[in-house]
Amino acid sequence: TKQHERNNIINVNKAFSLIELLIVLAIIGLLSTMAYPSFNHYVTRVHREEGKAALIDLACRMEAYFMQNNTYKTATIAFNKKTDVLSSPVTEGGWYVLSILNASETTYALKATPTGSQGINDTVCQSLTINQVGKQSISAGPNGKPLGSYEQCW
């Protein structure tokens, strides 16, 4: 029985107490609450890259359209197969909707508006815009005016 008691003492000494377990859980919870905003910010930036790439691609398509038609004015997105520069306004990942804000014979302005959680989370940039000379900017989106600057977004 002394051997049995000694084994129980050893087992008790090797086990975690409830207090130790609670401390470990509290530390994990604290680290999680600190890491989540950073992770969320990173995901928002990655999604913004999709919007920027899609907007630049659309600008390239507008230039190709101009080369064929000698005008930007009649270019469309998902409207008329003959004049469409894109078959769908939604980006590949679904985080932005692309639009032609205005188009004339020699000028255009394009916009990428964030959708879903991207529209809520990207308070820094909101919508991205570009024009025929490549001037990039930001503008209001689904969550209001952007809180950041052009430099932070592009």
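Residues numbered from 1 in each chain as written. Predicted model: local features only at pLDDT ≥ 70, side-chain atom pairs only at ≥ 80, totals over all residues. Heavy atoms only, no water.

### Quick look at the overall build of the protein
- Counting its secondary structure elements, the protein contains four helices and six strands.
- When its helices and strands are written in sequence order, the protein yields α-α-β-β-β-β-α-β-β-α.
- The buried share of the protein, reckoned over its 154 residues, is 26%.
- Taking the contacts inside the protein whose residues are at least 6 apart along the sequence as the reference set, 43% of them involve residues at least 24 apart. (Helix = DSSP H or I, 4+ residues; strand = E, 2+ residues; numbered from the N terminus. Buried < 20%, exposed > 50% of the residue type's maximum accessible area, 1.4 Å probe, protein only. Contact = heavy atoms within 4.5 Å.)

### Observations concerning the pattern of salt bridges
- By the definition in use, this model includes three salt bridges.
- Note that arginine 48 and aspartate 122 form a salt bridge whose closest N and O atoms lie 2.8 Å from each other. You can see arginine 48 sitting in helix H2 (residues 18–69) and its partner aspartate 122 sitting in the loop between helix H3 (116–121) and strand S5 (127–131), a full 74 residues away along the chain. In this pair, the class of arginine 48 matches that of aspartate 122, namely buried.
- Ionic pairing is found between glutamate 49 and lysine 52, a salt bridge with its closest N-O pair at 2.9 Å. Residue glutamate 49 and its partner lysine 52 are located together in helix H2, separated by three residues, close to a single helical turn. (Salt bridge = Lys/Arg side-chain N within 4 Å of Asp/Glu carboxyl O.)

### Details of the sheet that holds strand S3 (residues 96–103)
- Taken in spatial order, the four strands of this open sheet run S3-S4-S5-S6, and their pairing is antiparallel. In this open sheet, the two strands that pair with only one neighbour each are S3 and strand S6 (136–139). Across this sheet, the average inter-strand angle for adjacent strands is 25°, counted without regard to direction.
- For S3 and strand S4 (residues 108–114), the ladder comprises seven bridges, and the chain directions are antiparallel. Considered in S4, the bridge of serine 99 is made with lysine 111.
- Against the sheet, H2 engages S3, S4, S5 and S6, with an angle of about 155° to S4. (Pairing = 2+ DSSP bridges. Axes fitted to C-alpha atoms, helices over the stretch in contact; angles between N-to-C directions.)

### Structural notes on unusual backbone geometry
- A positive phi angle is found at alanine 78, which is not glycine, with a value near 50°.
- Here alanine 78 lies in the loop between strand S1 (76–77) and strand S2 (84–86).
- Residue alanine 78 is classed as partly exposed on the basis of its relative accessible area of 40%.
- Phi angles above zero are rare outside glycine, and glutamine 126 is one such case at about 55°.
- By the secondary structure assignment, glutamine 126 is in the loop between H3 and S5.

### Remarks on a nonpolar patch on the surface
- A cluster of nonpolar side chains, contributed by Leu18, Leu21, Leu22, Val24, Leu25 and Ile28, occupies part of the molecular surface with about 580 Å² of accessible area.
- Among the structural elements, leucine 18 can be located in helix H2.
- The class for leucine 18 is exposed, based on a relative accessible area of 60%. (Patch = residues over 30% accessible without salt bridge, like charges linked within 9 Å, V, L, I, M, F, W, Y side chains within 5 Å. Areas by Shrake-Rupley, 256 points an atom, 1.4 Å probe, with all protein chains shown as cover.)

### Some remarks on the side chain of threonine 91
- Mapped onto the secondary structure, threonine 91 falls in the loop between S2 and S3.
- Judged by relative accessible area, threonine 91 falls into the buried class, the value being 6%.

### Observations concerning the pairing of S4
- Taking burial as the measure, the seven residues of S4 include six buried ones, the bulk of the element.
- Here S3 folds back onto S4 in antiparallel fashion, the turn holding four residues.
- Summarising the sheet, S4 and S5 pair through four bridges and their orientation is antiparallel. Within S5, the residue paired with alanine 112 across the bridge is leucine 128.

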